[in-house]
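Listed below are the residues making up each chain.
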Amino acid sequence: MSTAPLTATSRVAMPLSIGAAVAVVLGLYGRLHDPTGVAVNIAGFSSTQSVKAWLATLALVLALVQLVSAMALFGHLRPLAGRSWIGPLHRWSGRAAVAATLPVVAHCLYALGFRYDEPRVLIHSLLGCFFYGAFVAKMLTLTRNDVPRWLLPVAGGAVFAGLVGLWLTSALWFFTTFGIIR
Amino acid sequence: MGQRSPLVTLAAAAVGLVALLVVNSTQTTSTGPATSEAVVTSAPTTVPGSNPPTAKETGATKPTVVKPTVAPTQQAAVVYTGRTAGREATLAVAVKGGRSVAYVCDGRRVEAWLTGTRTGDTLALRSRAGDRLDGAVAGGKVTGTVTVHGRPLRFTIAPADPPAGLYRGRTSSSTIGWIVLPDGSQVGVDNDGTPAPAPPLDPQTGTATVDGSAVTATSVTGDETF
């Protein structure tokens with residue numbers, strides 16, 4: 001009697017629960033790993049923080065490409081409807097955006113850890129875990145064709161919202177505090 | 001959309017993250033404090049083991065065993081205190097390994113906490129508000145310039161032994177910094193959004209009384225993050 005709704009539920013629950021598990025694992029690693037505070041400096045930039053702020057900004061720009069191309073894929077943008085390059089653009093801008101965030105999160109997790117000593121840092125730490133959890137959930141959602149149609153835009157929207165929040169609590173804070181510097 | 005390409009993307013992201021974490025961890029081990037600690041712990045165990053046969057020598061070797069264990073820790077954490085050249089503000093710089101924390105305040109309404117790095121003899125620190133300190137360790141002193149609220153102040157400050165040093169305490173609403181100078185005088189600012197003179201700190205117990213309740217101050221060694 002209830003097998004069909006149950007499997008439908010589990011099809012939704014599987015990517016979401018794995019995503020949630022990833023978020024929790026990242027948070028635990030950030031909390032339990034002893035922060036080293038070591039900075040890998042990159043030539044041409046004044047500090048690790050500025051490198052991270054610019055990488056986050058690059059990811060944000062790519063995320064905006066993601067938002068527009070996703071709307072086009074779902075047919076919400078008339079002029080772009082049916083263009084064959086939208087799909088590859090969406091996939092590769094997404095991969096580039098995630099690749100840009102990886103050096104940032106590696107430094108966050110390894111050198112700084114999960115912190116909650118002030119609201120900005122707490123929100124940033126939570127969003128960081130949430131972002132990668134949502135990213136995993138979205139990737140897993142893509143692997144199946146039998147998930148409800150609403151799940152993909154919800155997961156994608158969560159990833160996008162997470163990244164915007166991360167940028168606001170890190171790069172925007174950096175640029176407004178220290179100025180727009182390299 | 002492909003069924004497998006998202007999984008490939010996921011795997012690539014995971015591999016990339018792990019690789020970057022490994023790069024970060026190699027950075028940590030090459031900076032030194034960890035290796036010097038390893039030397040310290042191994043030295044006392046090997047030296048006493050080789051000594052007992054000659055009872056006469058144990059008395060002479062004991063001080064040399066103690067010395068290496070004490071010297072690296074003192075090298076690792078040094079606090080310099082003093083005033084700026086024009087006596088505008090009091091300053092403390094704590095250096096530990098490759099990291100450094102500094103505190104500047106006038107004891108009334110100007111203060112700045114700065115964190116940064118020590119590379120060789122060069123100190124480079126910044127505060128969240130954009131204040132900066134650039135200094136050099138030379139001849140056992142730190143000389144440099146600290147820029148607070150856009151105003152550059154020159155300084156030359158000397159090492160201070162406990163109880164002189166830099167202390168930091170926190171209440172639910174404020175952060176308090178104290179600089180205790182070698183002559184026993186102290187300067188501090190209590191900042192709950194509006195900086196104000198800090199209540200007196202008892203350096204022996206590390207406590208102060210704020211609004212009737214006791215606040216415990218911790219000695220800043222130089223590797224803290226704020």
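Higher on the page you've got the structure.
Here is a short report on the structure shown in this document. Just so you know, the residues in each chain are numbered from 1, in the order the chain's sequence is written. Lettering of chains starts at A and numbering of ligands starts at 1, both following the order in which they are written. Reporting in this predicted model follows two pLDDT cut-offs: at least 70 for local features of residues, and 80 or more for side-chain atom pairs to be given and counted; totals over whole chains, interfaces and linings ignore these cut-offs and use all residues. With hydrogens and water set aside, each side-chain value is computed from the structure's full complement of heavy atoms.

## A look at the sheet that holds strand 13 (residues 201-202) of chain B
All names here are of chain B.
- Two strands form a pair only when DSSP identifies at least two bridges running between them. A helix here means a DSSP run of H or I that spans at least four residues, while a strand means a run of E at least two residues long, and both kinds are numbered starting from the N terminus. Taken in spatial order, the 7 strands line up as 12-11-10-9-15-14-13 in an open sheet, and their pairing is antiparallel. Across the chains shown, the open sheet's two edge strands, defined by having one partner strand only, are strand 12 (195-197) and strand 13.
- In this structure, strand 13 lies alongside strand 14 (residues 207-210), joined through 2 bridges in antiparallel fashion. By the bridge assignment, Leu201 is partnered in strand 14 with Ala208.

## Details of the side chain of Glu111 of chain B
Residue and element names in this part refer to chain B.
- As for its placement among the helices and strands, Glu111 is situated in strand 4 (residues 111-119).
- Within the buried core, Glu111 has no salt-bridge partner, and the shortest N-O distance to an opposite charge, that of Arg168, equals 7.2 Å.
- At 2.7 Å, the side chain of Glu111 and the side chain of Tyr103 are in polar contact.
- We define a polar contact as two N or O atoms separated by no more than 3.5 Å, with the added condition that, inside protein, one atom must be a possible hydrogen donor and the other a possible acceptor, whereas residues neighbouring each other in sequence contribute only through side-chain atom pairs. Of the polar contacts made by the side chain of Glu111, one reaches the side chain of Asn191; its length is 2.7 Å.
- Once you skip the residues sitting within four places of it in the chain, Glu111 turns out to touch Tyr103, Val104, Cys105, His149, Val189 and Asn191. The rule is simple: take the accessible area with a 1.4 Å probe, protein chains only, and divide by the maximum for that residue type; under 20% is buried, over 50% is exposed, in between is partly exposed. Charged residues are defined narrowly, with Lys and Arg counted positive, Asp and Glu counted negative, and His plus the chain ends left uncounted. Salt bridges are defined by distance alone: a side-chain nitrogen of Lys or Arg within 4 Å of a carboxyl oxygen of Asp or Glu. Residue contacts are defined here by distance: any two heavy atoms, one from each residue, within 4.5 Å place the two residues in contact.

## Details of the packing of aromatic side chains
Residues and elements named next belong to chain A.
- Two rings from Phe, Tyr or Trp (for Trp, the six-membered ring) form a pair when their centres sit within 6.5 Å of each other. Planes less than 30 degrees apart are called stacked, planes more than 60 degrees apart edge-to-face, and all others tilted. The tally for this structure, following the rule as stated, stands at 4 aromatic pairs over all chains.
- Relative to Tyr132, the ring of Phe131 lies with its centre 4.8 Å away and its plane at 85 degrees, an arrangement referred to as edge-to-face.
- Classification of Tyr132 as buried rests on a relative accessible area of 9%.
- Taken together, the ring pairs connect Trp54, Phe174 and Phe175 into an aromatic cluster.

## Remarks on the sheet that holds strand 5 (residues 122-126) of chain B
- Here we have 8 strands rolled up into a closed barrel, ordered 1-2-3-4-5-6-7-8 (chain B), and antiparallel in their pairing. When strand polarity is set aside, the average angle formed by the axes of neighbouring strands in this sheet is 25 degrees. Note on definitions: angles span 0 to 180 degrees between N-to-C directions of axes, and those axes are lines fitted to C-alpha atoms, for helices only across the stretch in contact.

## Observations regarding helix 5 (residues 151-169) of chain A
- Each helix should span, by expectation, one fewer than its residue count multiplied by 1.5 Å. The end-to-end C-alpha distance of helix 5 of chain A is 27 Å, a good match for the 27 Å that 19 residues give at a rise of 1.5 Å each.
- Among the residues of helix 5 of chain A, Leu151, Leu152, Ala155, Ala158, Val159, Phe160, Gly162, Leu163, Gly165, Leu166, Trp167 and Thr169 of chain A are the ones counted as buried.

## Considering the pairing of strand 2 (residues 90-96) of chain B
Residue and element names in this part refer to chain B.
- With 6 of 7 residues buried, strand 2 lies mostly within the body of the structure.
- Summarising the sheet, strand 1 (residues 77-83) and strand 2 pair through 7 bridges and their orientation is antiparallel. When the bridges of strand 2 are listed, Thr81 appears paired with Ala92.
- Between the end of strand 1 and the start of strand 2, which pair antiparallel, lie 6 residues, with Arg87 showing a positive phi angle near 55 degrees.
- The turn linking strand 2 back onto strand 3 (residues 99-105) is made up of 2 residues, and Gly97 within it adopts a positive phi angle of 60 degrees.

Everything listed is a geometric property; what it means functionally is a separate question.
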